[in-house]
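Architecture and fold: a report
Next come the chains, spelled out residue by residue.
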There are 2 protein chains.
Amino acid sequence: MKKTIAIDMDNVIVDIETNWINIYEQEFGVKIDRNEMLGKPEDMAFPDPVAARNLLYKPGFFRYAPIMPGAVEALTELNKNFEIYIVSAAMEFPNSLAEKYDWLAEHFPFISWRNIIFCGDKSVVVTDFLIDDHLKNLDFCKGTPILFTAAHNVNITKHHRVNNWVEALQFLREHV
Amino acid sequence: MKKTIAIDMDNVIVDIETNWINIYEQEFGVKIDRNEMLGKPEDMAFPDPVAARNLLYKPGFFRYAPIMPGAVEALTELNKNFEIYIVSAAMEFPNSLAEKYDWLAEHFPFISWRNIIFCGDKSVVVTDFLIDDHLKNLDFCKGTPILFTAAHNVNITKHHRVNNWVEALQFLREHV
């Protein structure tokens, strides 16, 4: 039986940082330097954190976000040797449910609806691996947690870190 | 730590049979006798199974479905002694995602978004109990499966069966 991998969406297959920076600039005319985001909670990296957080409720925010570089190629390969589940804590933003579903259908048509999970708390989703950018998910993983680098998590020293999809593939090829 | 229960929506907390019968009658003027549904796959219980299945895509089908009798009282009690997760295989009907979220917010406001899971395949959702009406979910349950009676499953002899929320509560009170 294939090993299972839970793969987060935002900051893992969705380049939500770039999206957030771009939309914040469009809305408020202020371009955030990505280096200034390092080590800060995501919304706190913006001059107006409340305004930044409100953008998450803006129609289209999740639907038109760019793909993380290398994600399509990586998931295409992983899909052959693992059972992949896309697991997104989408329930906090109910407006995102349909947008995330449509985003996946557009960019990852080879992922079946059977393998998509939208939840709140991920602790009862049990897979052999979890690739995520947040400790709130990774710390409760019953399999092997893999920390995917995002600006907000650069100072975290727990869990196996991968900086991009090339490194993630390299690690997982050794654990098929 | 509290034991965890995954609770299905359709035919468990949502009275989808009554809803389906009512909407089929509204649309096609034919009232289905519930006794004729016994032991048949859900859509096959209707004179025109394709038309019946198409009703699942009708806006409002999931949003305005009635609650299963006793479900609110039962979940209110269970919520004190267990960690409850609502786990619905909603992903097959992406139109249902927002409707199911809104339905839960209206009828079960005490269930946090953290405890809602919309998925396809439930096999990677691991809880101590799963209350569901379908073998496709119960057979892969790693905890204790509990079969909730629905017309389509009356002939199934696997798993512990509960006929209603009074029986479900009785069983779970003995397993806190």
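Just so it is clear, the structure is predicted and the values come from calculations on it, not from any experiment.

**Digging into the overall build of chain A**
The secondary structure content of chain A amounts to six helices and six strands. Ordered by position in the sequence, the α and β elements of chain A form the string β-α-α-α-β-α-β-β-α-β-β-α. Whereas a compact globule of 176 residues would reach a radius of gyration of roughly 16 Å, chain A reaches 16 Å, a difference of no more than 12%. Over its C-alpha atoms, taken along the principal directions, chain A stretches across nearly 50 × 35 × 30 Å.

**Some words on the side chain of Asp 43 of chain B**
Residues and elements named next belong to chain B. Checked against the element boundaries, Asp 43 lands in the loop between α1 (16–28) and α2 (49–54). Despite its burial, Asp 43 remains without a salt bridge, the nearest opposite charge being carried by Arg 53 at 4.0 Å. Ignoring sequence-local partners within four residues, the contact set of Asp 43 consists of Trp 20, Pro 49, Ala 52 and Arg 53.

**Focus on unusual backbone geometry**
Residues and elements named next belong to chain A. One non-glycine residue, His 159, lies in the positive phi region at around 70°. As for its position among the elements, His 159 is in the loop between β5 (144–148) and β6 (160–162). Its relative accessible area of 26% is what places His 159 among the partly exposed residues.

**A look at the state of the cysteines**
As used here, a disulfide is simply a covalent bond connecting the sulfur atoms of two cysteines. All names here are of chain A. Overall, the coordinates contain zero disulfides over all chains when judged by the stated rule. Of all cysteine sulfurs in the structure, the one in Cys 119 sits closest to Cys 141, which takes part in no disulfide; the separation is 13 Å. Take Cys 141: its relative accessible area is 18%, and that puts it in the buried class.

**Description of helix α1 (residues 16–28) of chain A**
Residue and element names in this part refer to chain A. Compared with an ideal rise of 1.5 Å per residue, which puts 13 residues at 18 Å, α1 spans 18 Å between its outermost C-alpha atoms and is within 8% of the ideal. Every buried residue of α1 is accounted for by Ile 16, Glu 17, Thr 18, Asn 19, Trp 20, Ile 21, Ile 23 and Tyr 24. In this structure, the buried residues of α1 make contact with α2 (49–54).

**A word on the interface of chain B and chain A**
Counting residues at the interface gives 20 residues for chain B, matched by 20 residues for chain A. Across the interface of chain B and chain A, roughly 1,900 Å² is buried in total on both sides, 72% from carbon and sulfur atoms. The three residues of chain B that bury the most area against chain A are Met 91, Trp 113 and Val 124 of chain B, which together make up 33% of that side's buried surface. Inspection of the chain B/chain A interface yields nine residue pairs in polar contact (both at pLDDT 80 or more).

**Some remarks on the packing of aromatic side chains**
The geometry of an aromatic ring pair is captured by two quantities: the separation of the ring centres and the angle between the planes. Residue and element names in this part refer to chain A. Here the structure, examined in full by the defined rule, presents 22 aromatic pairs over all chains. Each ring, one from Phe 82 and one from Phe 129, has its centre 6.1 Å from the other, and the planes form 85°; the classification is edge-to-face. Taken together, the residues Phe 82 in strand β2 (residues 82–88) and Phe 129 in strand β4 (residues 129–132) connect sequence positions 47 residues apart. You'll find Phe 82 and Phe 129 in the same group, each marked buried.

**Points about the relation of the copies chain B and chain A**
Mapping chain B onto chain A calls for a screw motion: a turn of 180° about the axis and a shift of 0.0 Å along it, with 0.0 Å RMSD after fitting. With respect to symmetry, the two chain copies, as superposed, fit the operation of a two-fold axis. Using C-alpha coordinates, one finds that chain B approaches the rotation axis most closely at Val 125 of chain B, a distance of 2.3 Å. Comparing contact sets, 100% of the residues at the interface of chain B also lie at the interface in chain A, consistent with an isologous, same-surface contact.

**Some thoughts on the UniProt feature "active site" (unreviewed entry) in chain A**
Residue and element names in this part refer to chain A. On the UniProt side, "active site" (unreviewed entry) is annotated at positions that read Asp 8 and Asp 10 here. Its location among the elements puts Asp 8 in the loop between β1 (3–7) and α1. In contact with Asp 8, not counting residues within four places along its chain, are Ile 13, Val 87, Ser 88, Lys 122, Ile 131, Asp 132 and Asp 133. In terms of polar contacts, Asp 8 uses its side chain to reach the side chain of Lys 122, at 3.1 Å. Tracing the backbone through its elements, the reader meets Asp 10 in the loop between β1 and α1.

**Details of the environment of Phe 61 of chain B**
Residues and elements named next belong to chain B. For Phe 61, the position within the fold is in the loop between α2 and α3 (71–81). Sequence separation between Phe 61 and Met 44 is 17 residues; the distance between their C-alpha atoms is 18 Å. Dropping the residues within four chain positions of it, Phe 61 is found in contact with Ile 16, Asn 19, Trp 20, Ile 23, Leu 55, Leu 56 and Glu 99.

**Digging into helix α6 (residues 165–173) of chain A**
Residue and element names in this part refer to chain A. All of the buried residues in α6 are Trp 165, Ala 168, Leu 169, Phe 171 and Leu 172. Projected onto a plane normal to the axis of α6, the buried residues spread over an arc of 165° and lie on a single side. Across from the buried face of α6, at angles greater than 90 degrees, the exposed residues are Val 166 and Arg 173.

**A word on the domain arrangement of chain A**
All names here are of chain A. What the domain assignment lists for chain A is domain 1 (3–15 + 66–173) and domain 2 (16–57). In this complex, domain 1 contributes 14 residues to the contact, which on the side of domain 2 involves 14 residues. Both faces combined, the contact of domain 1 with domain 2 buries some 1,200 Å², and carbon together with sulfur accounts for 52% of it. Considering only the side of domain 1, the residues that lose the most area to domain 2 are Asp 15, Phe 93 and Ala 151, jointly responsible for 41% of the buried surface there. In this assembly, domain 1 and domain 2 are joined by one salt bridge. For Arg 53, the salt bridge goes to Glu 92, with nearest N and O atoms at 2.9 Å. Linking domain 1 with domain 2 are ten residue pairs in polar contact (both at pLDDT 80 or more), by the criterion used here. Counted by class, the side of domain 1 that touches domain 2 contains six nonpolar, five polar and three charged residues.

Parameters and conventions
Residues numbered from 1 in each chain as written. Chains lettered and ligands numbered in written order. Predicted model: local features only at pLDDT ≥ 70, side-chain atom pairs only at ≥ 80, totals over all residues. Heavy atoms only, no water. Helix = DSSP H or I, 4+ residues; strand = E, 2+ residues; numbered from the N terminus. Rg over C-alpha atoms; globule rule 2.2 N^0.38 Å. Buried < 20%, exposed > 50% of the residue type's maximum accessible area, 1.4 Å probe, protein only. Lys, Arg positive; Asp, Glu negative; His and termini not counted. Salt bridge = Lys/Arg side-chain N within 4 Å of Asp/Glu carboxyl O. Contact = heavy atoms within 4.5 Å. Disulfide = S-S within 2.5 Å. Expected span 1.5 Å × (residues − 1). Buried area = accessible area lost by both parts, 1.4 Å probe. Polar contact = N/O pair within 3.5 Å; in protein donor to acceptor, adjacent residues only side chain to side chain. Phe/Tyr/Trp six-rings, centres within 6.5 Å; stacked < 30°, edge-to-face > 60°. Least-squares fit on C-alpha atoms with pLDDT ≥ 70 in both. UniProt positions renumbered as here; feature names shortened; annotations may be inferred. Arc of directions from axis to C-beta. Domains from an automatic or database assignment. Nonpolar A, V, L, I, M, F, W, Y, C, P; charged D, E, K, R; others polar.

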